[in-house]
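In case you want the letters, here they are:
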Amino acid sequence: MKRKNVKYAIVDLEATGTGSSAKIIQVGIVILENGQISQTYQTDVNPHEVLDEHIKQLTGLSDQRLSQAPDFSQVAREIYELIEDAVFVAHNVKFDANLLAESLFWEGYDLLSPRVDTVELAQVFFPTYEKYGLSSICKSLEIPLEQAHTAISDAKATALLFLKIQEKIQSLPKSLLERLLDLSDNLIYESRLVLEDCLSQMPQENTGDLLDCHGIYLRKKRKIAKEKHLSADFTKNLSLLGLEERSEQEKFATMVEQAIETHHPSFLQAQAGLGKTYGYLLPLLAKTKEQIVVSVPTKILQDQIVSGEGKTIEAVFQVSFHSLKSPHSYIKLDTFYQSLTRIDDHRLLNRCKMQLLVWLTETETGDLEEIRQAYRYQAYFEELAHDGQISKKSLFYGYDFWQLNQEKTRASRVLVTNHAYLLTRLEDDKSLIEGKTLVVDEAQRLFLTLDNFSQKSIRVTQLLQ
């Protein structure tokens, strides 16, 4: 069966404001056909009113320039004829589609095109991003956006974003996309049309490096590579990492090396901005053979080290890093699987299921905090959080993220954790640090955490009774 060609009109409007009385001052349209830009259109529009200073600064437009522009009535027909047979696509489609449809209506044209929102599609198919504004997501996806808040520039950037979204959808297993389609009525407007279009273009099933676990696709386990030897020379290791030498950092690294040789607890102080993480990690990796446990004050800093310095060192020296957190941080696949079998009334919760199905094809950790906008689904995420228990009868035994976490804890060369979890874990498991090198970063904050950790709440009424 030959695929029907779907025409997409990617539209961006600049207006006098965002309220109900807003008037169009600039129109940018990009037409996409067969995955290619086939046509572009742009025009200024005279609103016949003075612009607010904020709008002038935002768009770069002036009252003088717009006074020479055509009225909307003069361009309405060509805009309508360009987009009437296309799917209307915009970044936050509600604003652009409603404003343009209303403006066209007063000129005698009914715009009844199906609508697609790239904000929501990006949230589903790029689930780990923190922000989904056009500028932010273009930066994340390396999409050029040279003149933000210029209609044609924003429309072109949105068109490239839309193509990236289509590319991401088509990279997923076909049966997973079919499952996502079952949930796609929870997308606003007619955004499911994009999934249907992508599905019609996809070849037969291609799972690549993914594993089908009862309809949930997970990444196959990555083998830990053989660790390369680091040089005894700190500056040479820095050079191999592509980093520049800093005299204060080198002094600090020398102090770490001396501390290693004493075989006694050592207390070192380093000023901010020194690059202390490399300053202690590289000497420890070069001079010791045992597992290294690094504890830092917060989960945020923990994540930053693993995704920053840890990732850089791992790429060059094949040193395995693992982020150690409580079970509650990880998704329990059994619970998620059960939640997929029920129909929830909440549209955003069902859309979150789509996000998680996509995220599970990417994550190697199962750490729910990788979903940067998790606060939107707090109750659902609490339901999915792991309890630290895994039955051998589980559908996901052998692939459970907490189970894999324990394996990585034993096998990785560097464990990175936070003060609160370190103290919690040591209550029941002293082996976590026995025979290992322990680095406590910002040690003074460990005592503050210990102080909070040692406090206990009691119900006085219950006690008296």
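Worth saying up front: this structure is predicted, and the values here are computed from it rather than measured.

## Details of the overall build of the protein chain
Next, step 1: Scanning the protein chain from N- to C-terminus turns up 20 helices and eleven strands.
Next, step 2: Expressed along its principal axes, the backbone C-alpha trace of the protein chain runs to roughly 85 × 60 × 55 Å.
Next, step 3: Scored against the burial criterion, the 465 residues of the protein chain give a buried share of 49%.
Next, step 4: In the protein chain, 71% of the contacts between residues at least 6 apart in sequence involve partners at least 24 apart.
Next, step 5: For the protein chain, the computed accessible surface area is about 24700 Å², with 49% contributed by carbon and sulfur atoms.
Next, step 6: Across the protein chain, the centroid of the 52 positively charged side chains sits 7 Å from that of the 65 negatively charged ones.

## Some words on empty space enclosed by the protein
Next, step 1: For the structure shown, the criterion picks out one cavity of 30 Å³ or more.
Next, step 2: Put simply, the largest cavity is a space of about 30 Å³.
Next, step 3: Lining of the largest cavity is provided by Phe 88, Ala 97, Leu 111, Leu 112, Ser 113 and Arg 115.

## Considerations on unusual backbone geometry
Next, step 1: Positive phi, close to 55°, is recorded for Gln 318, a residue that is not glycine.
Next, step 2: With respect to the helices and strands, the residue Gln 318 is situated in the loop between helix H13 (299-317) and strand S9 (321-323).
Next, step 3: Its relative accessible area of 23% is what places Gln 318 among the partly exposed residues.
Next, step 4: Positive phi, close to 55°, is recorded for Glu 442, a residue that is not glycine.
Next, step 5: By relative accessible area, Glu 442 is classed as partly exposed at 26%.

## Comments concerning the layout of surface pockets
Next, step 1: Looking at the largest pocket, its volume works out to about 1300 Å³.
Next, step 2: Listing elements by their share of the lining of the largest pocket, those giving two or more residues are strand S7 (216-219), H13, S9 and helix H17 (401-411).
Next, step 3: The element best represented in the lining of the largest pocket is H13, accounting for nine residues.
Next, step 4: Split into classes, the residues belonging to the lining of the largest pocket amount to 13 nonpolar, nine polar and 18 charged.
Next, step 5: Here the second largest pocket defines a volume of roughly 1000 Å³.
Next, step 6: Forming the walls of the second largest pocket are 29 residues, and the residues nearest its centre are Ser 266, Phe 267, Leu 438, Val 439 and Val 440.
Next, step 7: Elements with a contribution of two residues or more to the lining of the second largest pocket: helix H11 (247-262), helix H12 (276-287), strand S11 (437-440) and helix H19 (443-453).

## Some points on H12
Next, step 1: With twelve residues, H12 should reach 16 Å at 1.5 Å per residue; the first-to-last C-alpha distance of 17 Å fits that figure.
Next, step 2: With nine of twelve residues buried, H12 lies mostly within the body of the structure.
Next, step 3: For H12, the set of buried residues is Thr 277, Tyr 278, Gly 279, Tyr 280, Leu 281, Leu 282, Pro 283, Leu 284 and Leu 285.

## Considering the sheet that holds strand S2 (residues 24-33)
Next, step 1: On the basis of which strands lie adjacent, the open sheet formed by five strands has the order S3-S2-S1-S4-S5 and mixed pairing. Looking at the sheet topology across the chains shown, the edges are occupied by strand S3 (36-44) and strand S5 (115-117). With strand direction ignored, the average angle separating the axes of adjacent strands in the sheet is 25°.
Next, step 2: Looking at chain direction, S2 and S3 are connected through eight bridges and run antiparallel. Looking at S3, one finds that Val 27 is bridged to Thr 43.
Next, step 3: Against the sheet, helix H5 (residues 118-125) touches strand S4 (87-90) and S5, its axis set at about 50° to S5.

## A word on the pattern of salt bridges
Next, step 1: On inspection of all chains with the given rule, the structure shows 24 salt bridges.
Next, step 2: Between Arg 351 and Glu 120 there is a salt bridge, with its nearest N and O atoms 3.0 Å apart. Taken together, the positions of Arg 351 in helix H15 (residues 347-359) and Glu 120 in helix H5 put the pair 231 residues apart, joining distant regions of the chain. Glu 120 matches Arg 351 in its accessibility class, with the two residues each being buried.
Next, step 3: One salt bridge connects Arg 192 with Glu 196, and the closest N-O pair in it is separated by 2.8 Å. Separated by four residues within a single helix, Arg 192 and Glu 196 lie in helix H9 (residues 192-201), roughly one turn from each other.
Next, step 4: Overall, the relative accessible area of 23% leaves Arg 192 in the partly exposed class.
Next, step 5: When salt bridges that share partners are traced, they join Lys 299, Asp 303, Lys 325, Asp 367 and Glu 369 into one network.

## Points about the confidence of the model for the protein chain
Next, step 1: Looking at the protein chain as a whole, the pLDDT averages 92, with 98% of positions reaching at least 70.
Next, step 2: The element-level mean pLDDT for the protein chain is lowest in helix H20 (residues 460-464), coming to 82, with S4 highest at 98.

## Digging into H11
Next, step 1: Taking 1.5 Å of rise per residue, the 16 residues of H11 would be expected to cover 22 Å, and the 23 Å separating its terminal C-alpha atoms lies within 8% of that figure.
Next, step 2: Among the residues making up H11, those that are buried are Gln 249, Phe 252, Ala 253, Val 256, Glu 257, Ala 259 and Ile 260. Mapping the buried residues of H11 onto a view down its axis gives an arc of 160°, with all of them on the same face. For H11, exposure combined with an orientation more than 90 degrees from the buried face picks out Ser 247 and Glu 261.
Next, step 3: Contacts from the buried residues of H11 go to helix H10 (234-240) and H12.

## Here's the deal with a nonpolar patch on the surface
Next, step 1: Judged by side-chain polarity, Ile 458, Val 460, Leu 463 and Leu 464 come together as a nonpolar surface patch covering roughly 470 Å² of accessible area.
Next, step 2: Here Leu 464 lies in helix H20.
Next, step 3: Residue classification places Leu 464 among the exposed positions, given a relative accessible area of 72%.

Cut-offs used in this document
Residues numbered from 1 in each chain as written. Predicted model: local features only at pLDDT ≥ 70, side-chain atom pairs only at ≥ 80, totals over all residues. Heavy atoms only, no water. Helix = DSSP H or I, 4+ residues; strand = E, 2+ residues; numbered from the N terminus. Buried < 20%, exposed > 50% of the residue type's maximum accessible area, 1.4 Å probe, protein only. Contact = heavy atoms within 4.5 Å. Areas by Shrake-Rupley, 256 points an atom, 1.4 Å probe, with all protein chains shown as cover. Lys, Arg positive; Asp, Glu negative; His and termini not counted. Charge placed at Lys NZ, Arg CZ, Asp CG, Glu CD. 1 Å grid on protein atoms, 1.4 Å probe; cavity = no way out; pocket = protein on both sides within 12 Å on 5 of 7 lines; lining within 4 Å. Points joined across faces, edges and corners; volume = space filled by probe spheres on them. Nonpolar A, V, L, I, M, F, W, Y, C, P; charged D, E, K, R; others polar. Expected span 1.5 Å × (residues − 1). Pairing = 2+ DSSP bridges. Axes fitted to C-alpha atoms, helices over the stretch in contact; angles between N-to-C directions. Salt bridge = Lys/Arg side-chain N within 4 Å of Asp/Glu carboxyl O. pLDDT = per-residue confidence, 0-100. Arc of directions from axis to C-beta. Patch = residues over 30% accessible without salt bridge, like charges linked within 9 Å, V, L, I, M, F, W, Y side chains within 5 Å.

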